[in-house]
Amino acid sequence: MELELTDEQRLLQQTVRRFVKEQIVPLEDQLDPDADEIDPQDHNRLVAQVKVMGLYGLGIPAQYGGPAIDLVTHSLLAMETSQHRAGLYAPCYGVFGGSSLAQLYEANEDQKQRYLYPTLRGEKTAFFALTEASGGSDPARAIRTTAVRDGDDWVINGSKLFISGADRADYGLIFARTDPSQGRNGITCFIVDTDAKGFYVRRVVHTLRSAEYATELQFENLRVSHRNVLGEVNKGFAIASDRVSRARIPYAAACLGVAMKAQEMSIEYAKVRKTFGDLLATRQAIQWMIVDNEIDLRSARWLVLEAAFKAGHGQPFTTEAALAKLVATEAAGRVVDRAIQIHGGNGVTKDLPLERWYRELRIRRIGEGPSEIQRLIVARNVIGGAFH
Amino acid sequence: MPVRMNKDWIPLTPESVKRLKGQLGVYQIQDPAGQVVFIGYAGGRSLYGLRGELERELASRGPGHSFRCEVNMQYLTRWKELLMVHAADHRELPAENRKLPAPGLGRISPV
């Protein structure tokens, strides 16, 4: 693994860093501190700039029209696009484009024509619905939503919880139990249009997150055509598990971007803030917090880049991706926590972005597989499956 | 927390607004005819939070209006939820919200 960034990677990194600093951060000065969207005119103007930069659709594979960059570069850029107030859950307010759901790349051609390609063109949006009130970490056992075959259709009944974007989406992926006698091998993934009869978004679920609130869904005799089964019946969990693991890497990188910015703010503040006649930067208690931040940032960064490198080179990477997600989300939380401590009372106000990052980072230890599941994956891989 | 704000209406008067604290949250304004005409929020940039926003509402409206509010740290997501609930119940946003740039809203079907 090459430890030095290439000239191209440095250039892209600097370009995106400058874009965030000059185009995104000034807009935030006029927005509510919890805002998750910008004026549509600003959005369109910035999308045009990103397209000129050749970076629109950062998360889209090159063969589907995304920029031809590898996963290491993508992760480096994810560390840059998150370095602003809304950056964790609304990096650059979406002007770098969406990436579609990983599972849809495994759809058949008919499904790709109806769902994937329009999504990549920005004409449709989607949601992902796995978690239910009964749990999200062990969906094989927790899923109670059922789908029963009826002629050429399936009839879905049940509910989903903590689902982002379902109220605005055109369609979504819904996982339902199709064989009650099986656990993991009795779940099927369906592509469901949100205008179908029997599909309801019942409420907004308010969480620590300011951007992209979650929703609760209910399905009442929701009929879905058999041609909308994604993958094979009863094999919903087998779809795109490789792509799902891969998506954890830029997810982890975005957490680090926020933490890097918090560390930068802490160092700047320590150099100007005086207590008892001297600068914070001269206080050993503050110095050690900054050093601990540096340890967290650098160790997590290498885990993220190692995972990205292996995934991008066709090497086994599930252990590395799990470690990257686990360490980056937990380290970023610690870094922002220390940054707040260094900033004192200012750190917990909405005048600074730290309080928002503190809230939203807490969710990252749970979303996309909680820390405990990541540890389980690593344990299974390093000890061996026979002990689980 | 119920999806719909179902607190009692309070007359929009200097005395009632003065009793409010400067917290973050959401509020609704009802006109003398009993119609909800505006749903707003006191966010991170509001001076004096709910009290400041309701003082502004009081100064800009005639007599006979009333309000109800909810202290809520997640004021933006709650605000959007209240707008979507109103749209679901009445097939349109409150009259004064319709005149403003609309936030990105989805569709919900509250029970």
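Residues numbered from 1 in each chain as written. Chains lettered and ligands numbered in written order. Predicted model: local features only at pLDDT ≥ 70, side-chain atom pairs only at ≥ 80, totals over all residues.

1. Some points on helix α10 (residues 371-383) of chain A
Stage number 1. Given a rise of 1.5 Å per residue, 13 residues ought to cover 18 Å, and the 18 Å separating the end C-alpha atoms of α10 of chain A matches this to within 8%.
Stage number 2. Note on α10 of chain A: the residue one or two positions beyond its end, Gly-384 of chain A, has a positive phi of about 120°. (Helix = DSSP H or I, 4+ residues; strand = E, 2+ residues; numbered from the N terminus. Expected span 1.5 Å × (residues − 1).)

2. Overview of the sheet that holds strand β1 (residues 10-11) of chain B
Residue and element names in this part refer to chain B.
Stage number 1. Pairing is antiparallel in the open sheet, where four strands are placed in the order β1-β4-β2-β3. On the outer flanks of this sheet lie β1 and β3 (36-42), each paired with one strand and no other.
Stage number 2. Both strand β2 (residues 25-30) and strand β4 (residues 66-71) contribute to a ladder of six bridges, which runs antiparallel. Bridged to Gly-25 within β4 is Val-71.
Stage number 3. In this fold helix α3 (residues 75-90) packs onto β2 and β3, with an angle of close to 165° to the strand it touches most, β3. (Pairing = 2+ DSSP bridges. Contact = placed C-beta atoms within 7 Å. Axes fitted to C-alpha atoms, helices over the stretch in contact; angles between N-to-C directions.)

3. Considering the interface of chain B and chain A
Stage number 1. Across the contact, 19 residues belong to chain B and 16 residues belong to chain A.
Stage number 2. Its residues assigned to classes, the side of chain B that touches chain A comprises seven nonpolar, seven polar and five charged. (Nonpolar A, V, L, I, M, F, W, Y, C, P; charged D, E, K, R; others polar.)

4. Brief notes about the environment of Leu-326 of chain A
All names here are of chain A.
Stage number 1. Tracing the backbone through its elements, the reader meets Leu-326 in helix α8 (residues 318-343).
Stage number 2. Distance from Leu-326 to Arg-365, taken between C-alpha atoms, is 7.3 Å for residues 39 residues apart in sequence.
Stage number 3. With residues up to four places along the chain from it excluded, the contact list for Leu-326 reads Ser-371, Gln-374 and Arg-375.

5. Quick word on the confidence of the model for chain B
Stage number 1. Taken residue by residue, chain B gives an average pLDDT of 95. The fraction at 70 or more is 100%.
Stage number 2. Taken together, the chains of this predicted complex give a pTM of 0.92 and an interface ipTM of 0.87. (pLDDT = per-residue confidence, 0-100.)

6. Some thoughts on the packing of helix α6 (residues 241-270) of chain A against α8 of chain A
All names here are of chain A.
Stage number 1. Following both chains from N to C, one finds α6 and α8 inclined at 20°, their axes separated by 8 Å at the closest point. Compared by their axis directions, α6 and α8 come out roughly parallel. Remark: the crossing between α6 and α8 carries left-handed chirality.
Stage number 2. Along the lines of polarity and charge, the residues of the contact of α6 with α8 split into 20 nonpolar, six polar and three charged. (Parallel < 35°, antiparallel > 145°, perpendicular 65-115°, else oblique. Left-handed = near helix turned anticlockwise from the far one by under 90°.)

7. Examining helix α2 (residues 40-53) of chain A
Within an α-helix, residues lying three or four positions from one another point in the same direction, as the helix has 3.6 residues per turn.
Stage number 1. Relative to the 20 Å expected for 14 residues at 1.5 Å per residue, α2 of chain A spans 20 Å between its end C-alpha atoms, a close match to the ideal helical length.
Stage number 2. A positive backbone phi angle near 80° is found at Gly-54 of chain A, which sits one or two residues after α2 of chain A.

8. Section: the pairing of strand β5 (residues 187-193) of chain A
Residues and elements named next belong to chain A.
Stage number 1. Burial analysis of β5 places six of its seven residues in the buried class, which makes it a mostly covered element.
Stage number 2. In the sheet, strand β4 (residues 171-177) pairs with β5 via seven bridges, with the strands oriented antiparallel. Among the inter-strand pairings, Leu-173 is bridged to a residue of β5, identified as Ile-191.
Stage number 3. With two bridges joining them, β5 and strand β8 (residues 229-230) adopt antiparallel strand pairing. Following the sheet pairing, Phe-190 is matched in β8 by Val-229. (Buried ≥ 20, exposed ≤ 12 C-beta atoms within 10 Å, placed from the backbone.)

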